[in-house]
Amino acid sequence: MMTKQTVGASFQVRLVALISIVLVLVTVVIGAVTVTLQNDSLVRRVDEQLAKSMALNLGPGVPDHAESFWVDEDGTTENQRIGALNLIVVGGKTWEAQVMTADGNLVRLDQDTIATLLASVRKEPGPYNIYLGELGMYRVLAQAVTDGENDGYAIVGQSLSDVARTTRNLVSLFALTALAGILVASVASAMMVRRTLRPLRALQATAATISETPLTSGVVTLPERVTGKEYVPGTEVGDLAESFNQMMDHVEHALVHREQSEEKLKRFAADAGHELRTPLATVSGYAEFAQRHNDELPEDVRRSLDRIRSESKRMASIVENLLLLARLDAGEVAPEGSALVAPIILECVSDARVTGADKSWRIEVPDDAAHIEAALPEDALRQALTNLITNARLHTPEGTTVCVSLAMSTDVQCVIRVEDDGPGIPPDLAQTVFDRFVRGDAARSPLADTCAPGEAAPRSTGLGLSITEQIIRNSGGTVTLDSIPGRTVFSIWLPVAGGGK
């Protein structure tokens, strides 16, 4: 069964996030351009006022102090405008130095402010900004003047506090409006994206169902094909759905063909097993009959008869295993019943001590596990366990320690482990060790050195582990392998009788 893991944000989330980011960037650019243009417009208006004030101030010539108030075209006194500044200095004499503060008071400029203004006079024409301490930021325009004998400067200015306040208000209003717009647009885009991606979610759900469907064996029924009016041919989603349905058709046809081939192979194995039983029994019988006259036969004939009898027994074992696998595949051998595990472990290990005296055998069954009863018939459990022990006996060198243990893994499951400290199983072989007719190289068998010259080393049939796996799987359990050099563990996980009660 597949486990779902979160490896990142979904496509829907990433798409909505991308749309929102684009909206934010576009809004920021529009807002920055709008505020900049508006600020420039307000500053140009101030510049126009300054130019007009300068023209009115210098129209009749340099006025004296009593004539320092001039009248705008609309009839208002120029110096009465809030934030207006006026400075005229000619020949070192200050003719005019006053400013209209924010509270409407006409205030004379102090000497520091006058010095700052005079020091900031630029040679280039045009208004410029200057900071005047407590008065704040001003936009001023300076022009050289003369009374005929002495030179000086006329400076007019206007506070930029209104411009700054208007700009701040515009930024605040735009930010709030943009935030609300982006929020509404993001929600709307999320709904549209969700609706647009609905066909893809249907595809994903179908694919997930297929991924959770066991396809290794048996009759496989795939989900219904993906159809609907939203899968319009010619569109990306429609073409994807069509390709997906074609893939499902190919997979289903391949699974049907595989199932048919497996059924044919199983029937062939069962039929071949039945057909071989009789000739094998006949060959074995004649070999035994001939061996009754060993004294009359030459040495090489006697050895040939021994080999015939040995190989006929081995072939008979293969046939019986094939028939057993055929019955297991067909469900004819149902693992019904239960058995105490500890006594079977003792019997199997006792038999192994006789046939594998070159090994060190151990049993680990704690007191609280002595009464474990597995939901598996006694004969089936004995055969499965014997196959694992025989595998350890045949494929480990002399002096290897083999330990068979029993324990409860959960309240409803027990585990039987057959562990040895032999050389281990190669990784490439470990991946297919439970397949049928899979076995290691006979030349590596520890029994190869015990064979007579010209005699083949004893080999397993390659069916024992497969039979064990099939028996345990039919009982609702599993068999696992964990092997590294110096430690190989076969584990049988079985449900206990009565659910562990």
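The preceding data block contains the structure.
These lines cover the structure that appears in this document, whether it is placed above or below. All of these numbers come straight from a predicted model, not from anything done at the bench. (Residues numbered from 1 in each chain as written. Predicted model: local features only at pLDDT ≥ 70, side-chain atom pairs only at ≥ 80, totals over all residues. Heavy atoms only, no water.)

## Side note on the overall build of the protein
Stated precisely, the cut-off is as follows: By definition, any uninterrupted DSSP run of H or I lasting at least four residues is a helix, any uninterrupted run of E lasting at least two residues is a strand, and each is numbered from the N terminus. Only protein chains enter the calculation, and the probe is 1.4 Å; a residue is then buried if its accessible area is under 20% of its type maximum, exposed if over 50%, and partly exposed in between. Residues count as neighbours in contact if any of their non-hydrogen atoms are within 4.5 Å of one another. Each accessible area is a Shrake-Rupley estimate made with a 1.4 Å probe; only the visible protein chains count as cover when residues are assessed.
Scanning the protein from N- to C-terminus turns up ten helices and 13 strands. Buried positions account for 33% of the 501 residues belonging to the protein. In the protein, once contacts between residues fewer than 6 apart in sequence are set aside, the share between residues at least 24 apart is 64%. If you sum the accessible surface of the protein, you get close to 29900 Å²; carbon and sulfur atoms cover 57% of it.

## What about the packing of aromatic side chains?
The cut-off we apply is this: Side-chain rings of Phe, Tyr and Trp, where Trp is taken by its six-membered ring, are said to pair if the distance between their centres is within 6.5 Å; with planes under 30 degrees apart they count as stacked, over 60 as edge-to-face, and otherwise as tilted. Comment: the charge-over-ring label is applied if NZ (Lys) or CZ (Arg) is within 6 Å of the ring centre and within 35 degrees of the ring normal.
Throughout the structure, instances matching the rule amount to one aromatic pair. When the ring centre of tryptophan 95 is taken as reference, the NZ or CZ atom of lysine 93 above it lies at 4.3 Å.

## Digging into the packing of helix α8 (residues 378–394) against helix α10 (residues 464–474)
Where we set the bar: Here the axes come from fitting lines to C-alpha atoms, over the contacting stretch only for helices, and the angles between their N-to-C directions go from 0 to 180 degrees. Left-handed describes a crossing whose near helix is turned anticlockwise from the far helix through less than a right angle; right-handed describes the clockwise counterpart. Classes in brief: Ala, Val, Leu, Ile, Met, Phe, Trp, Tyr, Cys and Pro nonpolar; Asp, Glu, Lys and Arg charged; the others, Gly included, polar.
Following both chains from N to C, one finds α8 and α10 inclined at 145 degrees, their axes separated by 9 Å at the closest point. The two elements α8 and α10 meet at a crossing, and its hand is left-handed. Counted together, Ala380, Gln383, Ala384, Asn387, Leu388 and Asn391 of α8 and Gly464, Leu465, Ile467, Thr468, Ile471 and Ile472 of α10 form the full contact between these two elements. The class makeup of the residues in the contact of α8 with α10 is seven nonpolar, five polar and no charged.

## Observations concerning the pattern of salt bridges
Note that side chains of opposite charge can pair when their charged atoms are close. This is how the line gets drawn: When a carboxyl oxygen of Asp or Glu is within 4 Å of a side-chain nitrogen of Lys or Arg, the pair counts as a salt bridge.
Tallied over the full model, the rule gives ten salt bridges. Across the pair arginine 139 and aspartate 47 runs a salt bridge whose closest N-O atoms are separated by 2.8 Å. Separated by 92 residues along the polypeptide, arginine 139 in strand β5 (residues 137–146) and aspartate 47 in helix α1 (residues 11–58) bring together distant segments of the chain. Across the pair, exposure class does not vary: arginine 139 and aspartate 47 are buried alike. The partner of arginine 165 in a salt bridge is aspartate 162, and the shortest N-O contact between them spans 2.1 Å. Here the residue arginine 165 and the residue aspartate 162 both occupy positions in helix α3 (residues 161–196), the gap between them amounting to three residues, near one helical turn. Accessibility expressed as a relative area gives 39% for arginine 165, which makes it partly exposed.

## Considering the nonpolar core
Here is the rule: Buried Ala, Val, Leu, Ile, Met, Phe, Trp, Tyr and Cys residues that are joined via side-chain atoms within 4.5 Å together make up what is termed a nonpolar core.
Judged by nonpolar contacts, the single largest core of 40 residues is most densely connected at Leu385, Ile389, Leu406, Ile416 and Leu494. Secondary structure elements with two or more residues in this core: α7 (341–355), α8, β10 (401–410), β11 (413–420), α10 and β13 (487–495). Every residue in contact with leucine 385, bar those within four places of it in the chain, is listed here: Ile344, Ile345, Cys348, Val404, Ile416 and Val418. Core analysis: the next-biggest nonpolar cluster, separate from the first, contains 15 residues, Leu85, Leu87, Ala97 and Tyr128 among them.

## A look at the pairing of strand β6 (residues 151–159)
Counted only if it meets this: What makes two strands pair is DSSP finding at least two bridges between them.
Counting buried positions along β6 gives seven out of nine residues, so the element sits mostly inside the fold. As paired strands, strand β1 (residues 84–90) and β6 are joined by seven bridges and run antiparallel to one another. Residue pairing across strands places leucine 87 opposite isoleucine 155, the latter belonging to β6. As paired strands, β5 and β6 are joined by nine bridges and run antiparallel to one another. The residue bridging threonine 146 from the neighbouring strand is aspartate 151, located in β6.

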